[in-house]
Amino acid sequence: MREFWILTKLQVSSLFGINKILHMKNEDEKKQGKRALGALIAMVFALGYMSILYSYMLGSAFQLFGTLPTLLGIMALATSLLILMFSIFETKGVLFGFGDFDIVMSWPVNVRAVAASRVFTMYAYNFVYAFVLLLPAGVIYAIMAAPPLWYYPLYLVLIFLLPALPTIIGALLGTLLTVATSRMKKSNLMNVLVQMVLVFGLMIVSMRSGMAFQDPSKLANFAEVFRPMIKGIYPPAQWFQDALATGSLPAMLWLLLLTLATIALLIFWLGKNFVVINSRIKSKPRGETFVMKRQVHSTRTSALFKRELARYFSSSLYVVNTAFGYVMMIAAGIALLVKAEDVLKFLDIPEVPSLTILVPFVLGWMASLGTTTASSISMEGKSLWIIKSMPVSAKDWLSAKLKITLMLAIPSILITGTLVTIGLKPGLLDAIWTYLLPLAYTFAFGVLGLWVNIRMPRLDWHSEAEAIKQGGATMVTVFAGMGAGFLPAVLAVATGSALVAPITFAILVGMTIWMWSSLVRNGERLLLLLH
Amino acid sequence: MLTIEHLTKCYGGDVKAVDDLSLTVMPGDIYGFIGHNGAGKTTTLRAIAGILSFESGSIHVNGKSIAEDPIACKQQMAYIPDNPDLYEHLTGIQYLNFVADIYGVSAADRDERIKKYADAFEMTPRLNDLIGSCSHGMKQKIALISALIHNPKLLLLDEPFVGLDPKAAHMLKTIMAELCNSGSAFFFSTHVLEVAEKLCNKIAIIKNGKLIAAGEMDKVKGDESLETLFLELTDNA
């Protein structure tokens, strides 16, 4: 146990870069670290604010139908699914294949303690999300339901307990995925495909459950709709609800026992296989014997682009986290082509014209989700010295990074735009915006990602997840994208004004030009400040 | 070739990592740079390489300022840090081609140099391996080949012999001598004083960021061994 705490302390101290900020002597680096932490805190507040909003809306609706406890179940379900996905993605990098494996394993510590400390790190990171999402729901429920006193301490205990189970399940699934693909020739590609399928699977399950809302006969009894849905998808969320709403002892025990059993199972299994799996991942296959032949010459620009491309596709986590936005975009395009009426029904939109106004903004938001640039500078990691010592201008370096986003986004937008145009048959102007607005979002958020990441880099990472998922720049870009997609969409639908699209387009173009000029002007200085 | 005048680099406000350092490296020099851990060797090398900003002073490479015209300076230099973190997702040959492309090395020149140096360091058969699968020594060899591929005029090496096997270390010394004869210069840090004494024609000793001795090896050390001089100076200065 002592070993576990020592190792966990070491792990947690690097979480969110807090230790670095506390002990850093270089003022520039300290400022950078503080900025990144500040952004992270701001994003946590933004997430909390969204959770308050959703919890209040859902709580009011559930109260109306006399099923207020469902608020707890539905928020527990959403949080658990989110954590499950995060954990699957993070397993390779945090649990396996982490940078300091050799040094950690050389210490006289129990393998189980090492494995447990890594799983706990995943839990600690996930707990932040769970806390931010579940606390507002718990408070709003308490205000609306005025539960007995025991509710409050129990809620705090269950908030700590709930993220553990999806973290463990995610770690197990992630481990299986890592083991299954570690010896494959195209292991990264397989990882990307399986992770994409998993994410889509989870999305389809939630969407199909959401379709239940559309059945008017069931609206009269909300509980009938939700209870089997929550229980069917993830029973522990139902136990969470029952324990808090009715003080159900069996529900509490089920949740506690299942969590403890899975923790024990995972740690026991990892204790036996941790070193084997890590060794398997670390032992990269030897290439074929090289025979010198004529090498191909490329221009500097092309070499930088090829380098970015190789970096991008070398990380399945990077690909899944970014390309997902584009895959979602194309899937939405196909849905609108094949089943436009079902989409209208699902979104509760009465007619096609309202949807054609909305679509360009939704596609724009999806494009902003796919931007690769928000973590592309952080991904340089300890190899940044190479670019810094080379005769490469900051503009060329940044352009190559932006081109990766454009390479993924432009074909996706053209394909989706065409699918949507055929499916919805919008007027000429709406059709033009279906292409132009997502393109404007792509450029704006591609440049924004660079603009933020160069100011908030995370270069000292041991696992790619720290740069890709935990970086302040990624959070800023994702949340800014949500805001920039959501606000004009609401305005456009609410006002029906044809001016919202061109105004949004002009703002995005203006934003792109301003940020890019700023990057070109200050790029060399900012690059020099990166350590 | 390289002129450093009154270079000062501070960390965290008042802490001077390098304090008013001046020295000149001429074509053909093999200039050793020694000092205890944390003396300011790496900071100086990084500042010359254009990786680190500095508060005052100037660094010129063949008359061009690293602060004002970094790209022109970098085109003439090569830098290898003490721990060469290369792109682990690339193979050795992909990395070498990338470096050659950035420095604009022609196809014919790169073929010749890759063959020459990869053979010299016995790395040719392994150039198809991912860098991530290479040992520290092999990564160091790839870093060295990449530094030599564009025939730089000034090579900045931070602890270049660490991790190299004896044969590769000998080969590096031979290559250093060969390049210096053709007009290039080396400025490198090392803790191996015997190597510095045998290999270098000039030496600089740094302590707490200040240069405490610099110049021709024979003049700096006189009749003493470099080790004796180093211990005397760093203990007493």
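These numbers come from a predicted model, not from an experiment.

In terms of regular secondary structure, chain B is built from nine helices and 10 strands. Of the roughly 8900 Å² of accessible surface on chain B, a fraction of 50% belongs to carbon and sulfur atoms. Looking at charge distribution, chain B has the averaged site of its 22 positive side-chain charges lying 3 Å from that of its 31 negative ones.

On to the nonpolar core, then. With 142 residues, the main nonpolar core has W397(A), Y95(B), F98(B) and F187(B) as its most contacted residues. No other element matches helix α20 (residues 428–453) of chain A, which puts 10 residues into this core. In this structure, F98(B) is in contact with A303(A), L304(A), R307(A), I386(A), I387(A), M390(A) and Y87(B), ignoring residues within four places of it in sequence. Among the nonpolar cores identified, the runner-up in size contains 99 residues, and A76(A), V114(A), L161(A) and L363(A) belong to it.

This part takes up the pairing of strand β7 (residues 154–158) of chain B. Residues and elements named next belong to chain B. With respect to burial, β7 is a largely interior element, five of its five residues being buried. The alternating pattern of β7 places L154, L156 and D158 on one face and L155 and L157 on the opposite face, and all of these are buried. Across four bridges, strand β6 (residues 77–80) lies against β7 in parallel orientation. Across the sheet, residue A78 finds its bridge partner in β7, namely L155. When β7 meets strand β8 (residues 185–189), the two strands line up parallel, connected through five bridges. Each bridged residue has a counterpart across the sheet, and for L156 the counterpart in β8 is F187. Read from β7 through helix α6 (residues 166–181) to β8, the crossover connection turns out right-handed.

Time to look at the packing of aromatic side chains. Throughout the structure, instances matching the rule amount to 25 aromatic pairs over all chains. Judged by centre distance (5.8 Å) and plane angle (90°), the ring pair of F4(A) and F120(A) falls under edge-to-face. With F4(A) in helix α1 (residues 2–14) and F120(A) in helix α6 (residues 111–145), the pair connects residues that are 116 residues apart, well separated along the chain. The class of F120(A) is partly exposed, set by a relative accessible area of 27%. Ring plane angle 35° and centroid distance 5.4 Å describe the contact between Y141(A) and Y151(A), whose orientation is recorded as tilted. With Y141(A) in helix α6 and Y151(A) in helix α7 (residues 151–161), the pair connects residues that are 10 residues apart, well separated along the chain. A relative accessible area of 5% places Y141(A) in the buried class. Exposure remark for Y151(A): the relative accessible area of 1% places this residue in the buried category. Feature note: the residues F4(A), W5(A), F120(A), Y123(A), F127(A), F131(A) and F160(A) constitute an aromatic cluster, connected by ring pairs. In this structure, R455(A) packs its charged tip against the face of W451(A), placed 4.0 Å from the ring centre. Here the guanidinium or amino end of K173(B) rests over the ring plane of F161(B), the centre of that ring lying 6.0 Å away.

Scoring rules and cut-offs
- Residues numbered from 1 in each chain as written.
- Chains lettered and ligands numbered in written order.
- Predicted model: local features only at pLDDT ≥ 70, side-chain atom pairs only at ≥ 80, totals over all residues.
- Heavy atoms only, no water.
- Helix = DSSP H or I, 4+ residues; strand = E, 2+ residues; numbered from the N terminus.
- Areas by Shrake-Rupley, 256 points an atom, 1.4 Å probe, with all protein chains shown as cover.
- Lys, Arg positive; Asp, Glu negative; His and termini not counted.
- Charge placed at Lys NZ, Arg CZ, Asp CG, Glu CD.
- Core = buried A, V, L, I, M, F, W, Y, C linked by side-chain atoms within 4.5 Å.
- Buried < 20%, exposed > 50% of the residue type's maximum accessible area, 1.4 Å probe, protein only.
- Contact = heavy atoms within 4.5 Å.
- Pairing = 2+ DSSP bridges.
- Right-handed = clockwise from strand over helix to strand, strands pointing away.
- Phe/Tyr/Trp six-rings, centres within 6.5 Å; stacked < 30°, edge-to-face > 60°.
- Lys NZ or Arg CZ within 6 Å of the ring centre and 35° of its normal.

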